[in-house]
Amino acid sequence: MGSGLVYEGVNGAISAIVPDVSVVVPIHNEVESLPFLLEAIASTLSSSQISYEIICVDDGSTDGSGKFLKEEAQTRSDLKAVILRRNYGQTAAMAAGFHYALGKAIVSLDADLQNDPADIPMLLAKLDEGYDLVSGWRQKRQDGAVNRLLPSKIANWLIRSTTSVNIHDYGCSLKAYRAELLADMNLYGELHRFLPALAYIEGARITEMPVRHHARRFGSSKYGIWRTFRVLMDLLTILFMKKFLTRPMHVFGLLGLISMVSGTVIGIYLTFIKLAFGEMIGNRPLLILAVLLLVTGVQLFCFGLLAELLMRTYHESQGRPIYRVREVVAKKVN
Ligand code: UDP
Ligand code: MG
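These remarks concern the structure in this document. Remember, it's a predicted structure, so these values are computed and weren't measured experimentally.

A look at the pairing of strand S1 (residues 21-27)
Judged by how many residues are buried, S1 sits mostly within the fold: 7 of 7 residues are covered. The two faces of S1 match: Val21, Val23, Val25 and Ile27 on one face and Ser22, Val24 and Pro26 on the other face are all buried. Two strands pair when backbone bridges link them, and S1 and strand S2 (residues 52-58) are joined in this way by 7 bridges, in the parallel orientation. Considered in S2, the bridge of Val25 is made with Cys56. A crossover links S1 with its parallel partner S2, the connecting element being helix H1 (residues 34-47), and its sense is right-handed.

Printed below as a string of structure tokens:
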């Protein structure tokens, strides 16, 4: 049966038992689906003898989802309802859910019954094989062709070719994570689909598994084609993080130096022909180029230095080391 957790306190729960899995669900206006969803998660997990908690995050719903969740959470011990003050978006809702999750593993899935809770035990079994993140792959995706599947194909291709994570379907919400991995990651923007890429930066072992996907039964999708653009911007952020997070000076410093050196060489050449041959250099495009290269060079160089300082603050202020340890093994001394 349920995990039988005891929750206390307003902020962050104190639990008696650590469940095997916390199922995190972001919810924005999905009230019709919720009873089916809770039932499906509870029956799958309890029949597989997996102890669990369900963390439903109400992301500013206006259709009574929040009220329903609050009532349910008071009567059943396997549900924790986190009600956000307003609508923050799916990524923020997921991050809130991760924050309150206590399980050894964390599974995220959509509330709209498009993901199938029956796939959860399979993902957890895969985690047990030694992976840190198992991502669902909607092989037979049930969404509109032009407005959803096509942008998604392009986005997946872009993400696959720019981040070094080789999976097919980044957009699938059904994913399973080891709890320690999520504790190391911060989410912003539409970053939830880049969780595998972020996890890769954190040194995680990542794999994917085909999962079921159903058409929406109730309500409608919260997104349209515009999401693609936000996803693209986030892709740039991720690329930057992956490449430069710990060594911005290597990139900006080098570019700045190349630019400064070429500017100086051209400058010396122009001075030389002016002094040695008395040539007019005031109206030469080369002069403008030299000045431009010098100025840009100095700017890039300083930018690199600043970025270096920022990165240090970023890592040190949060106590974030620049490495991630999987485990430490040492002989016990008695
Ligand atoms: N969602 C949310 N906040 C939002 C938008 C969506 O919590 O601002 C939730 C939504 O309730 C659903 C999940 O995120 O559980 C995925 O949304 P949706 O099904 O609309 O996306 P799609 O499956 O069409 O990509
Ligand atoms: Mg959906």
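Next comes the rest of the account.
Overview of the packing of helix H5 (residues 145-162) against helix H8 (residues 227-244)
Packing of H5 against H8 brings their axes to within 11 Å, and their N-to-C directions diverge by 5°. Viewed along their axes, H5 and H8 adopt a mutual orientation that is roughly parallel. Residues Arg148, Pro151, Leu158, Ile159 and Thr162 of H5 form the contact with H8, whose own contacting residues are Arg227, Thr228, Leu232, Leu235, Leu239 and Lys242.

Re unusual backbone geometry
With phi around 55°, Asn29 is a residue other than glycine that occupies positive phi space. With respect to the helices, strands and loops of the structure, Asn29 is situated in the loop between S1 and H1. One non-glycine residue with positive phi stands out, namely Gln49, at about 60°. Looking at where Gln49 falls in the secondary structure, it is placed in the loop between H1 and S2. Classification of Gln49 as exposed rests on a relative accessible area of 70%.

Topic: helix H10 (residues 285-317)
Given a rise of 1.5 Å per residue, 33 residues ought to cover 48 Å, and the 47 Å separating the end C-alpha atoms of H10 matches this to within 8%. Here H10 has its buried residues at Ala290, Gly297, Gly304, Ala307, Glu308, Met311 and His315. Packed against the buried residues of H10 are H8 and helix H9 (248-277).

As for the coordination of the magnesium ion (ligand 2)
Of the protein atoms, only Asp112 (OD) and Gln114 (OE1) coordinate the magnesium ion (ligand 2), at distances of 1.9 Å. As far as the burial class goes, Asp112 and Gln114 line up, both buried.

Concerning the site of ligand 1
Among the 18 residues in the neighbourhood of ligand 1, the closest are listed as Glu30, Asp59, Asp112, Ser221 and Lys222. Within the backbone of Pro26, a nitrogen or oxygen atom sits 2.8 Å from an oxygen atom of ligand 1. Here an oxygen atom of ligand 1 sits 2.5 Å away from a polar atom, N or O, in the side chain of Asp112. Relative to its free-state accessible area of 530 Å², ligand 1 is covered by the protein chains to the extent of 95%. For the shell around ligand 1, the per-class residue count stands at 4 nonpolar, 6 polar and 8 charged.

Some details on the pattern of salt bridges
Going through the model one piece at a time under the given rule, you end up with 14 salt bridges. Between Arg178 and Asp132 there is a salt bridge; the shortest N-O distance is 3.2 Å. With Arg178 in strand S6 (residues 175-178) and Asp132 in the loop between helix H4 (120-128) and strand S5 (133-138), this pair connects stretches of sequence that are 46 residues apart. Given a relative accessible area of 24%, Arg178 falls into the partly exposed group. In this structure, the salt-bridge partner of Glu308 is Arg312, at a minimum N-O distance of 2.8 Å. Placement of both Glu308 and Arg312 in helix H10 is noted, with a separation of 4 residues, approximately one turn of the helix. A residue is classified by how much of its surface remains accessible, and Glu308, at 16% relative accessible area, is buried. Overall, the relative accessible area of 46% leaves Arg312 in the partly exposed class. If you follow the salt bridges from partner to partner, you end up with Glu30, Asp112, Arg216 and Lys222 in one network.

A look at the sheet that holds strand S4 (residues 105-108)
Within the open sheet, the 7 strands sit side by side as S3-S2-S1-S4-S6-S5-S7. Their pairing is mixed. Edge positions in the sheet fall to strand S3 (79-83) and strand S7 (206-211), since each of these pairs with one other strand and no more. Mean inter-strand twist for the sheet, computed between neighbouring axes without regard to direction, equals 20°. Sheet analysis places S5 next to S6, joined by 3 bridges and oriented antiparallel. From the neighbouring strand, Leu133 faces S6, where its bridge partner is Tyr177. Sitting on the sheet, H4 touches S1, S4, S5, S6 and S7, and the angle it makes with S7 is about 155°.

Points about the packing of aromatic side chains
With the rule as written, the count across this model stands at 4 aromatic pairs. Judged by centre distance (5.7 Å) and plane angle (20°), the rings of Phe36 and Phe218 are stacked. With Phe36 in helix H1 and Phe218 in the loop between S7 and H8, the pair connects residues that are 182 residues apart, well separated along the chain. Judged by relative accessible area, which is 40%, Phe36 ranks as partly exposed. Classification of Phe218 by relative accessible area gives partly exposed; the value is 21%. Measuring from centroid to centroid gives 5.9 Å for Phe272 and Phe277, while their planes differ by 90°, and the two rings are edge-to-face. Over the aromatic face of Tyr88 sits the side chain of Arg86, whose NZ or CZ is 4.2 Å from the ring centroid.

Cut-offs used in this document
Residues numbered from 1 in each chain as written. Chains lettered and ligands numbered in written order. Predicted model: local features only at pLDDT ≥ 70, side-chain atom pairs only at ≥ 80, totals over all residues. Heavy atoms only, no water. Buried < 20%, exposed > 50% of the residue type's maximum accessible area, 1.4 Å probe, protein only. Helix = DSSP H or I, 4+ residues; strand = E, 2+ residues; numbered from the N terminus. Pairing = 2+ DSSP bridges. Right-handed = clockwise from strand over helix to strand, strands pointing away. Axes fitted to C-alpha atoms, helices over the stretch in contact; angles between N-to-C directions. Parallel < 35°, antiparallel > 145°, perpendicular 65-115°, else oblique. Contact = heavy atoms within 4.5 Å. Expected span 1.5 Å × (residues − 1). Donors = N, O, S within 2.8 Å, 3.2 Å for Na, K, Ca; no water. Near = heavy atom within 4 Å. Polar contact = N/O pair within 3.5 Å; in protein donor to acceptor, adjacent residues only side chain to side chain. Areas by Shrake-Rupley, 256 points an atom, 1.4 Å probe, with all protein chains shown as cover. Nonpolar A, V, L, I, M, F, W, Y, C, P; charged D, E, K, R; others polar. Salt bridge = Lys/Arg side-chain N within 4 Å of Asp/Glu carboxyl O. Phe/Tyr/Trp six-rings, centres within 6.5 Å; stacked < 30°, edge-to-face > 60°. Lys NZ or Arg CZ within 6 Å of the ring centre and 35° of its normal.

Keep in mind that these numbers describe shape and distance, not what the molecule does.
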